[in-house]
Amino acid sequence: MYFDKERFKEEFIQKLQSMQGMSLEEASVNDQYLALGATIRDYISRKWIQTKRQYQEKNDKQIYYFSMEFLLGKLLDMNLINMGIREECRAALQELGIDLSLLIEAEPDAGLGNGGLGRLAACLLDSMAAMHLPGHGCGIRYKYGLFEQKIVDHHQVELPDNWLKDGYVWEYRRPEKSVEVRFWGRVTQIVQPDKWLFIHEDYEPVLAVPYDIPMVGYHNNTVNTLRLWSAEPAQLDFDLSSFNRGDYIRAVEYRHSVERISKILYPDDTHYEGRLLRLKQQYFFVSAGLQSILSDYKRKNRLWQGLPDKISVHINDTHPALAIPELMRLLMDEEGLGWDEAWTITTSTVSYTNHTTLPEALERWPVDMVKSLLPRIYMIICEIHERLCYTIWEQTKNWDLLREISIIADGEIHMARLAVTGSYSVNGVAQLHTDILRKNIFAGFHSWQPYKFNNKTNGITHRRWLIKSNPLLAKLITDTIDGSWIKYPWDLIQLLRYTDDEEVQQRFCEIKRRNKEALAKFIKNKYQIAVSTDSIFDVHVKRIHAYKRQILNVLHIMHLYNQLKENPDWDIVPRTFIFGGKAAPGYYIAKQTIKLINVLAEIINHDNSIQGKLKVVFLENYSVSLAELVVPAADVSEQISTASKEASGTGNMKFMMNGAVTIGTMDGANIDIKNAVGDSDIVIFGLTAQQVFDYYAFGGYNAWDIYHNDSRIKRVLDELINGFFPNEKEEFRPLYNDLLPNNDEYFVLKDFSGYSEAQRIVDNKFRNKQGWCSMALANIAHSGIFSSDRMASEYSVGIWKIKPHIITG
Ligand code: 26Q
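Residues numbered from 1 in each chain as written. Predicted model: local features only at pLDDT ≥ 70, side-chain atom pairs only at ≥ 80, totals over all residues. Heavy atoms only, no water.

Considering the overall build of the protein
Heads up, the rule is: Working definition: helices are DSSP H or I runs of at least four residues, strands are E runs of at least two. Numbering for both runs from the N terminus. Using C-alpha atoms as the atom set, the radius of gyration is obtained and then compared with a globule rule of 2.2 Å times the number of residues to the power 0.38. Note on classification: 1.4 Å probe, protein chains only; a residue is buried when its accessible area is under 20% of the maximum for its type, exposed when over 50%, partly exposed between these limits. Any two residues whose heavy atoms approach within 4.5 Å are treated as being in contact. Note on areas: these come from Shrake-Rupley sampling with a 1.4 Å probe, and a residue is covered only by the protein chains present in the view. The sign given to each residue is positive for Lys and Arg and negative for Asp and Glu; His and the chain ends receive no count. One atom stands in for each charge, and that atom is NZ of Lys, CZ of Arg, CG of Asp or CD of Glu.
When its secondary structure is counted, the protein shows 34 helices and 25 strands. Radius of gyration (C-alpha) of the protein: 27 Å, near the 28 Å computed for a compact globule of 809 residues. Once the C-alpha set of the protein is aligned to its principal axes, its extents read approximately 90 × 70 × 60 Å. Across the 809 residues of the protein, 60% fall into the buried class. Of all intrachain contacts in the protein linking residues separated by at least 6 positions in sequence, the fraction that spans at least 24 positions is 77%. For the protein, the accessible area works out to roughly 31000 Å², and carbon and sulfur atoms hold 51% of it. Looking at the protein, you have 92 positive and 103 negative side-chain charges, and the mean spots of the two groups are 2 Å apart.

Written out as structure tokens, the structure is:
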């Protein structure tokens, strides 16, 4: 973009005056940030309008990515990079005596997601805009994002994330595009000579008001849209009619119950709970999103049969799966189509990505709840279910198959089965995960409709996770292989020629050291813990969950500590173990794990007898922004989930792209990473998914056996309950119980030995500086295929059948 420095300065000062009513001298950093955001927003909106106009004119197919979560993080810096004006802006602000990096920091993270699934949605939107793909997001504008985590007395404490309190510069409220969403009430069926009519009466109306956020493409003219819906009381007369009847309480209650819908993001990423409010949220944004898409379509097109050629609706896990019956409803009840026509259109429009095979995370809604909250939707789901059962029975006469794929069973609606039935494509997010979908959780569907199933290995945007967060490394890469990788990240493979180049290695080491220094400084300031940049920065950051096995890492640290206490001269490479991650507020074991890490950290960090060879740090409030500081500083990336449990993981990709070496299990995308880098540039250990399945199916695993046969394990487990933690004598017994009396569901003890050996290999490899650098560089070289640009293009070609649309400036 052409950048006129003097004009920019004027516009910026003008914004300060008009928005904040302030002169430059009076303005706080936050005021300055808001003014800068508004200035940049104006630049973006010109391109945005152009993009929308050109999409409209060409009437190309558009894709809409429906997701309960979009974990955007901060946008200012990213927008400056994408617009190609970051350095110009920095220089201009400097002339005004302003430090751009302070303004960048001042932005609140948009934390509208729990973890991987939400961040994936954000990376995908970034890539679609960068690749000229007409793809947009549809979600909920939560008033409160994921809670802020504080550690108080070693414990996690949750605080509300009031991210909108100072206003949000990137959103545009579009009240004129509001639509109504209807809950409760009853449906009556009117039989007419040629069709049936369904009338929904006595419903509670909710107004869905969209807020649009621009998604800016990298150095192109594309600006796509993320539309987030906010719930407001519908037309005032509904409100007022209660008032008029003197029913003041009812009117206030109505207002509250509506506002609750978009108030808060559920802070859980694995535990399904059949909460009415969550069901309301799902239907709310799905219905609003589809209504606005269809009314747009209607303005440009005549025939509904053409919908799948113009629109793709992609559902990010089952959370938006009500899109299937809702699209049916809109086509039949609002547009007058018959069932068969509507079904053909729906099942050619909707596609579905699964992100988890954990049984406890699979959504199943109680029939009674759906029936009363969404009476018409319930009728349609019943019809889909009955027709599915009929077809399967006619085709196969196989009862077992019928039971396996039945959408309604035991008083519950199985959302994954609904999603598979109503979608033309079902994909997993890494090779192993897709295999598991085919062979296990969707085996029945797969035997019946194998063509629906496909794999789309996840990716991450290298613009945020390398160019933005690790500018020094980005520059080294460009200096070494030129800058084509920025547009074509798979060109990173050219770095392979330099993995043994001494100068490149030396520069890489220097950059890693500087990134480690930045993190060390942060840790020192925030926690008064001194960590040495000569130590291995061994990083384990992600949601805290038993299957992710933070506890395996912790037990191993305890083991190292025990050895060092016995032999303080033991020659190990000093290590800084860095943890971060949030536990769902109701997940007791995960919270105890956080406490254990913090208690252990305090003991180890204060024990001078081990000469600083081990340090343990728990970084509170792990978020997108914190990840951008931590990932570039990592030497080792911990990806140690129980095989078969982690659908993909995307942190693993961020770390490899920043030159960390993975210590990991044969799980999720670790396998794809291993296949890319080869066996010698990754450290793999532990059970395979097949071994895990076999233990579950045939038994044969006894945690006590391992406890009794491995003195190292016995010792660390005993320490959980024998007063080793003097102030927490009984506190960690639940952790102990899960590992022993409850027989260690996640095979922590079984994999301990392998993990310990793998960590010894890491220690050894790190001693050879050149060898280590060469591994790190090989990881970066192979990380290009894990860019979400590759992912976006695979979805576009393989699922959505959309082509790039170049926006002219
Ligand atoms: C469902 C019902 C009720 C409450 C919460 C939920 C819920 C919310 C979020 C269930 C699941 C999620 C999120 C799942 C998720 O983040 N999965 C991760 O997706 C990543 C992107 O594909 C993968 O890399 C991770 O492996 C996977 O765990």
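Here's the deal with a nonpolar patch on the surface
Note the threshold: In this scheme, patches are assembled from residues that exceed 30% relative accessible area and form no salt bridge. Like charges are connected within 9 Å, while nonpolar side chains (Val, Leu, Ile, Met, Phe, Trp, Tyr) are connected within 5 Å. The term salt bridge refers to a pairing of a side-chain nitrogen on Lys or Arg with a carboxyl oxygen on Asp or Glu at a separation within 4 Å.
Together, Val152, Val157 and Leu159 line one region of the surface with nonpolar side chains, adding up to about 190 Å² of accessible area. Structurally, Leu159 can be placed in strand E6 (residues 155-159). A relative accessible area of 31% places Leu159 in the partly exposed class.

Quick look at the site of the ligand
This is how it is decided: We define proximity as follows: a residue is near a molecule or strand when any one of its heavy atoms falls within 4 Å of that partner. Counted as a polar contact is a pair of N or O atoms within 3.5 Å, where, for protein atoms, one must be capable of donating a hydrogen and the other of accepting one, and residues adjacent in sequence contribute only when both atoms are in side chains. Residue polarity follows a fixed list, in which Ala, Val, Leu, Ile, Met, Phe, Trp, Tyr, Cys and Pro are nonpolar, Asp, Glu, Lys and Arg are charged, and the others, Gly among them, are polar.
As a matter of local geometry, the ligand sits amid 21 residues, with Leu117, His355, Asn458, Glu646 and Gly649 nearest to it. For the ligand, an oxygen atom lies 2.8 Å from a polar atom in the side chain of Asn458. Here the ligand, which alone exposes 610 Å², has 96% of that area covered by the protein. Ranked by the residues each element gives to the shell around the ligand, the list is headed by helix H6 (residues 116-130), at 3 residues. Residue composition of the shell around the ligand, grouped by class: 6 nonpolar, 8 polar and 7 charged.

Examining the packing of helix H1 (residues 5-20) against helix H2 (residues 29-58)
The line we're drawing: Think of each axis as a best-fit line through the C-alpha atoms, taken over the contacting stretch in the case of a helix, with angles from 0 to 180 degrees between the N-to-C directions. Comment on the angle field: the value is read as roughly parallel under 35 degrees, roughly antiparallel over 145, roughly perpendicular from 65 to 115, and oblique elsewhere. Two helices crossing with the near one rotated counterclockwise from the far one by less than a right angle form a left-handed crossing, whereas a clockwise rotation gives a right-handed crossing.
H2 packs onto H1 with a crossing angle of 120 degrees between their chain directions and a minimal axis gap of 8 Å. The orientation of H1 relative to H2 falls into the category oblique. The two elements H1 and H2 meet at a crossing, and its hand is right-handed. Contacts between H1 and H2 involve Phe8, Glu11, Phe12, Lys15, Leu16, Met19 and Gln20 on the former and, on the latter, Asp31, Gln32, Leu34, Ala35, Leu36, Ala38, Thr39, Ile40, Asp42 and Tyr43. Looking at the contact of H1 with H2 residue by residue, the classes come out as 10 nonpolar, 3 polar and 4 charged.

Comments concerning the sheet that holds strand E16 (residues 408-409)
Quick reminder of the rule: At least two DSSP bridges between two strands are needed for those strands to be called paired.
Sheet architecture is open: 3 strands sit in the order E15-E17-E16, paired in antiparallel fashion. Of all the strands in the sheet, just strand E15 (364-366) and E16 have a single pairing partner and so form its edges. When E16 meets strand E17 (residues 412-414), the two strands line up antiparallel, connected through 2 bridges. Looking at the pairing, Ala409 lines up with Glu412 of E17. Along the sheet, helix H16 (residues 415-422) makes contact with E15 and E17, crossing E17 at roughly 45 degrees.

Structural notes on the pattern of salt bridges
Scanning the entire structure with this criterion turns up 59 salt bridges. The residue Glu259 makes a salt bridge to Arg255 at a minimum N-O spacing of 3.9 Å. Taken together, the positions of Glu259 and Arg255, both in helix H8 (residues 248-261) and 4 residues apart, correspond to about one turn of that helix. For Arg255, a relative accessible area of 34% corresponds to the partly exposed category. Of the charged contacts, one joins Glu719 and Arg715 as a salt bridge, the two residues approaching to 3.4 Å between their closest N and O atoms. One end of the pair is Glu719 and the other is Arg715, both in helix H30 (residues 711-719) and 4 residues apart, which spans about a single turn. Linked by salt bridges that have partners in common, Asp77, Arg86, Glu87, Arg90, Arg464, Lys468 and Glu628 make up one network.

Quick notes on the sheet that holds strand E20 (residues 536-541)
Spatially, the 6 strands line up as an open sheet ordered E22-E21-E20-E23-E24-E25, and their pairing is parallel. Looking at the sheet topology across the chains shown, the edges are occupied by strand E22 (614-619) and strand E25 (683-684). Alignment of E20 against strand E21 (residues 575-580), held across 6 bridges, turns out to be parallel. Within E21, the position partnered with Ile536 by the bridge is Arg575.

Some words on the packing of helix H11 (residues 323-334) against helix H12 (residues 339-346)
Packing of H11 against H12 brings their axes to within 9 Å, and their N-to-C directions diverge by 135 degrees. Regarding the angle of H11 to H12, the classification is oblique. Note on packing geometry: the crossing formed by H11 with H12 is right-handed. For the pair H11 and H12, the contacting residues are Ile324, Leu327, Met328, Leu331 and Met332 in the first and Trp339, Ala342, Trp343, Ile345 and Thr346 in the second.

Let's talk about the packing of aromatic side chains
Short version of the rule: Pairing of aromatic rings covers Phe, Tyr and Trp, the last counted by its six-membered ring, and requires centre-to-centre distances within 6.5 Å; plane angles under 30 degrees mean stacked, over 60 mean edge-to-face, and any other angle means tilted.
Following the criterion strictly, the structure yields 24 aromatic pairs and no others. Each ring, one from Tyr272 and one from Trp365, has its centre 5.3 Å from the other, and the planes form 85 degrees; the classification is edge-to-face. One end of the pair, Tyr272, is in the loop between H8 and helix H9 (276-300); the other, Trp365, is in strand E15, and 93 residues separate them in sequence. Residue classification places Trp365 among the buried residues on the basis of a relative accessible area of 0%. Ring plane angle 45 degrees and centroid distance 6.1 Å describe the contact between Phe442 and Phe453, whose orientation is recorded as tilted. Linking Phe442 in the loop between helix H17 (431-441) and helix H18 (443-448) with Phe453 in strand E19 (residues 453-455), this pair joins segments that are 11 residues apart in sequence.

What about the pairing of strand E24 (residues 661-664)?
Threshold: Here a crossover is taken to be right-handed if, once the strands point away from the viewer, the path from the first strand over the helix to the second is traced clockwise.
Side chains Val661 and Ile663 project from E24 onto one buried face, and the interleaved Thr662 and Gly664 project onto a second face that is buried too. The pairing of strand E23 (residues 636-639) with E24 spans 4 bridges and is classified as parallel. Its bridge partner being in E24, Glu638 is matched across the sheet by Ile663. Handedness of the β-α-β unit built from E23, helix H26 (residues 651-657) and E24 comes out right-handed. Relative to E25, E24 is paired through 2 bridges, and the arrangement is parallel. Among the inter-strand pairings, Ile663 is bridged to a residue of E25, identified as Val683. Considered for its hand, the β-α-β crossover made up of E24, helix H27 (residues 668-677) and E25 is right-handed.

As for the side chain of Asn454
You can see Asn454 is positioned in strand E19. Taking relative accessible area as the criterion, Asn454 reaches 16% and is therefore assigned buried. Once you skip the residues sitting within four places of it in the chain, Asn454 turns out to touch Ser425, Val426, Asn427, Gly428, Thr434, Arg438 and Ile799.

Some remarks on the nonpolar core
The nonpolar side chains of a soluble globular protein tend to be buried with one another. We count it as follows: Throughout this description, the term nonpolar core refers to a set of buried Ala, Val, Leu, Ile, Met, Phe, Trp, Tyr and Cys residues connected via side-chain atoms within 4.5 Å.
Among the nonpolar cores identified, the biggest contains 139 residues, and Leu36, Ile40, Phe66, Leu72, Trp170, Phe284 and Ile315 are the most heavily contacted of them. The dominant element in this core, judged by the number of residues it contributes, is H9, at 10 residues. In contact with Phe66, not counting residues within four places along its chain, are Cys138, Phe285, Val286, Gly289, Leu290, Ile293, Val313, His314, Ile315, Asn316 and Pro320.

Brief notes about the pairing of strand E1 (residues 62-66)
Within a regular strand, the side chains alternate between the two sheet faces. Burial of E1 is extensive: 5 of the 5 residues sit out of reach of the surface. The alternating pattern of E1 places Gln62, Tyr64 and Phe66 on one face and Ile63 and Tyr65 on the opposite face, and all of these are buried. Relative to strand E13 (residues 311-316), E1 is paired through 5 bridges, and the arrangement is parallel. Bridge assignment links Ile63 to a residue of E13, and that residue is Ser312.

Details of the environment of Val661
With respect to the element layout, Val661 can be found in strand E24. Considered as a pair, Val661 and Gln305 are 356 residues apart in the sequence and their alpha carbons are 51 Å apart. Once residues lying within four places of it in the same chain are set aside, the contact partners of Val661 are Asp635, Val636, Ser637, Asp681, Trp772, Met775 and Asn779.

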